[in-house]
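# Per-entry structural report
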Amino acid sequence: MNNMNDISLLAKQNSDGSYSVAMKADLLVKHAFVDFYDEATGKGYQRNETQRAARGRLIERYIARCEVANTKPALFEMTANARPLEGQELDWEFEPLDDDGELGWLHFRSIHVFLSMIDGGTRLLGITNALGKGILDPSTKLDLRIYVDVTLATEV
């Protein structure tokens with residue numbers, strides 16, 4: 001891992017081919033996006049709900065209550081697909097640490113924004129808000145299930 005954008009995550013490979021990781025909040029916010037549907041281009045697929053901002057603030061407040069109580073936020077496992085944006089390439093590998101190939105390091109190299117949030121886009125907004133206001137420690141680890149480069153149709 002040579003580039004400052006390289007990421008290595010301790011991971012458990014799941015039976016469905018996804019990986020379960022604990023990712024620092026600041027890295028999640030830096031590298032994740034929600035693929036909102038854009039009627040003008042016909043691209044994207046996630047609904048940009050009218051209540052999204054309000055729900056994001058509720059999640060931010062929940063995180064603030066957790067911080068006051070010195071409790072890790074239970075945002076449950078968010079789900080993402082590691083896929084490159086148009087014009088980017090995804091360079092990744094899973095480096096097993098055990099004989100079964102179940103535990104290991106999940107490496108992503110020289111990537112900027114690449115985690116398309118399948119489930120958890122509004123939680124991501126709450127996390128972003130909480131980080132921006134200094135409520136959430138950037139090193140707080142959050143559970144994330146990552147699929148790697150599945151087709152857009154599968155992601156949807």
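Residues numbered from 1 in each chain as written. Predicted model: local features only at pLDDT ≥ 70, side-chain atom pairs only at ≥ 80, totals over all residues. Heavy atoms only, no water.

### What to know about the overall build of the protein
- Within the protein, the regular secondary structure consists of four helices and eight strands.
- If you list the helices and strands of the protein from N to C, you get β-β-α-β-α-β-β-β-β-α-β-α.
- Rg of the C-alpha trace for the protein: 16 Å, near the compact-globule value of 15 Å for 156 residues, within the 12% margin.
- Each principal axis of the C-alpha atoms in the protein carries an extent, and together these give about 45 × 45 × 30 Å.
- Long-range contacts, defined here as pairs at least 24 residues apart, represent 74% of the contacts in the protein between residues at least 6 apart.
- Taken as a whole, the protein presents about 8,800 Å² of accessible surface, with 49% of it coming from carbon and sulfur.
- Considering the protein, the positive charge centre built from 17 side chains and the negative charge centre built from 24 side chains are found 10 Å apart. (Helix = DSSP H or I, 4+ residues; strand = E, 2+ residues; numbered from the N terminus. Rg over C-alpha atoms; globule rule 2.2 N^0.38 Å. Contact = heavy atoms within 4.5 Å. Areas by Shrake-Rupley, 256 points an atom, 1.4 Å probe, with all protein chains shown as cover. Lys, Arg positive; Asp, Glu negative; His and termini not counted. Charge placed at Lys NZ, Arg CZ, Asp CG, Glu CD.)

### Some points on the layout of surface pockets
- Reported here for the largest pocket is a volume of approximately 260 Å³.
- Lining the largest pocket are 15 residues, with Gln46, Arg47, Glu49, Gly121 and Thr122 sitting closest to its centre.
- Listing elements by their share of the lining of the largest pocket, those giving two or more residues are helix H2 (52–68), strand E7 (115–119) and helix H3 (121–132).
- Grouping the constituent residues of the lining of the largest pocket by class yields five nonpolar, four polar and six charged. (1 Å grid on protein atoms, 1.4 Å probe; cavity = no way out; pocket = protein on both sides within 12 Å on 5 of 7 lines; lining within 4 Å. Points joined across faces, edges and corners; volume = space filled by probe spheres on them. Nonpolar A, V, L, I, M, F, W, Y, C, P; charged D, E, K, R; others polar.)

### Topic: the pattern of salt bridges
- A complete count under the given rule lists nine salt bridges for this structure.
- Its salt-bridge partner being aspartate 16, residue arginine 145 comes within 3.0 Å of it at the nearest N-O pair. Pair noted here: arginine 145 is in strand E8 (residues 141–148) and aspartate 16 is in the loop between strand E1 (7–13) and strand E2 (19–24), with a separation of 129 residues, a long-range link.
- Given the relative accessible area of 40%, aspartate 16 is considered partly exposed.
- For arginine 83, the salt bridge identified is with aspartate 35, shortest N-O distance 2.6 Å. In this pair, arginine 83 sits in the loop between strand E4 (78–82) and strand E5 (91–96) while aspartate 35 sits in the loop between strand E3 (32–33) and H2, placing the two residues 48 residues apart along the sequence. (Salt bridge = Lys/Arg side-chain N within 4 Å of Asp/Glu carboxyl O. Buried < 20%, exposed > 50% of the residue type's maximum accessible area, 1.4 Å probe, protein only.)

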